[in-house]
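# Coordinate analysis (summary)
Listed here are the chains, written in short residue letters.
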Amino acid sequence: QVQLVESGGGLVQPGGSLRLSCAASGSIFSINAMGWYRQAPGNQRELVAHITSGDDTTYAHSVKGRFTISRDGAKNTVYLQMNSLKPEDTAVYYCCAQQRTYIYWGQGTQVTVSS
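These numbers were taken from a predicted model, which means no experiment stands behind them. Within every chain, residues take consecutive numbers counted from 1 along the sequence as written. Selection of residues for local features in this predicted model requires a pLDDT of at least 70, selection of side-chain atom pairs for listing and counting requires 80 or more, and totals for whole chains, interfaces and linings are taken over all residues. To obtain the side-chain values, all non-hydrogen atoms of the structure were used and water was disregarded.

## Re the packing of aromatic side chains
- Within 6.5 Å between ring centres, the rings of Phe, Tyr and Trp (the latter by its six-membered ring) count as paired, and their orientation is classed by plane angle as stacked under 30 degrees, edge-to-face over 60, tilted in between. Evaluation of the coordinates by the stated rule reveals two aromatic pairs.
- Centroid distance Tyr37 to Trp105: 5.2 Å. Interplanar angle 70°. Geometry classified as edge-to-face. Of the two residues, Tyr37 sits in strand E4 (residues 31-39) while Trp105 sits in strand E10 (residues 102-105), which places them 68 residues apart along the sequence.
- Given the relative accessible area of 24%, Tyr37 is considered partly exposed.
- A 1.4 Å probe rolled over the protein chains alone gives each residue an accessible area, and that area as a share of the maximum for its type sets the label: buried under 20%, exposed over 50%, partly exposed in between. Classification of Trp105 as partly exposed rests on a relative accessible area of 37%.
- By definition here, charges over rings are those cases where NZ of Lys or CZ of Arg is within 6 Å of the ring centre and within 35 degrees of the ring normal. Over the face of the ring belonging to Tyr79 we find Arg19, whose NZ or CZ atom lies 4.0 Å from the ring centre. Helix and strand labels come from DSSP, where a helix needs a run of H or I of at least four residues and a strand needs a run of E of at least two; each type is numbered from the N terminus.

## Some words on the sheet that holds strand E8 (residues 77-82)
- The pairing criterion is simple: DSSP has to find at least two bridges between the two strands. Across the sheet, which stays open at both edges, the four strands sit in the order E1-E3-E8-E7 with antiparallel pairing between neighbours. Strands at the two margins of the open sheet, each flanked by one partner only, are strand E1 (2-7) and strand E7 (67-72). Sheet twist, expressed as the mean angle between neighbouring strand axes with direction ignored, is 15°.
- Where strand E3 (residues 18-26) meets E8, six bridges bridge the pair, whose relative direction is antiparallel. Looking across to E8, one finds that Leu18 is bridged to Met82. For helices, the fitted line uses only the C-alpha atoms of the stretch in contact; every axis is such a line through C-alpha atoms, and the angle between N-to-C directions lies from 0 to 180 degrees.

## Focus on the state of the cysteines
- By convention in this document, the label disulfide applies to cysteine sulfur atom pairs within 2.5 Å. Taken as a whole, this structure holds one disulfide when the rule is applied.
- Cys22 shares a disulfide with Cys95; S-S distance 2.0 Å. Across the S-S bond linking Cys22 and Cys95, the dihedral sits near -85°, which makes this disulfide left-handed. Residue Cys22 is found in strand E3, and its partner Cys95 is found in strand E9 (residues 91-99); the two are separated by 73 residues along the sequence.
- The exposure class of Cys95 is buried, given its relative accessible area of 0%.
- Of all cysteine sulfurs in the structure, the one in Cys95 sits closest to Cys96, which takes part in no disulfide; the separation is 6.3 Å.
- Assessed through its relative accessible area of 7%, Cys96 is described here as buried.

Structure, rendered in structure tokens:
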């Protein structure tokens, strides 16, 4: 089993930055990819960014150029650097990890962008 713990969420003004972290623990072998999803009230959960074990990255169009996903293999941690934040980025952000065919989810961390 894999456990995922997110941190770094909070309240930030438009144009500000936040860095989310997701630490994986447990049976972390054979994790093929990790990523971030977000869900705002009344909306479906959507992909924000995704990174594979080969460091291939994928971003939602709405965050390209503003967000950067990265990973630290030694620390078993994935990061999401969020710059130029907009009110539309307000959501609960969830970390996920794929191990073979199973997807693990973190508990989520709230990001609120407001003046």
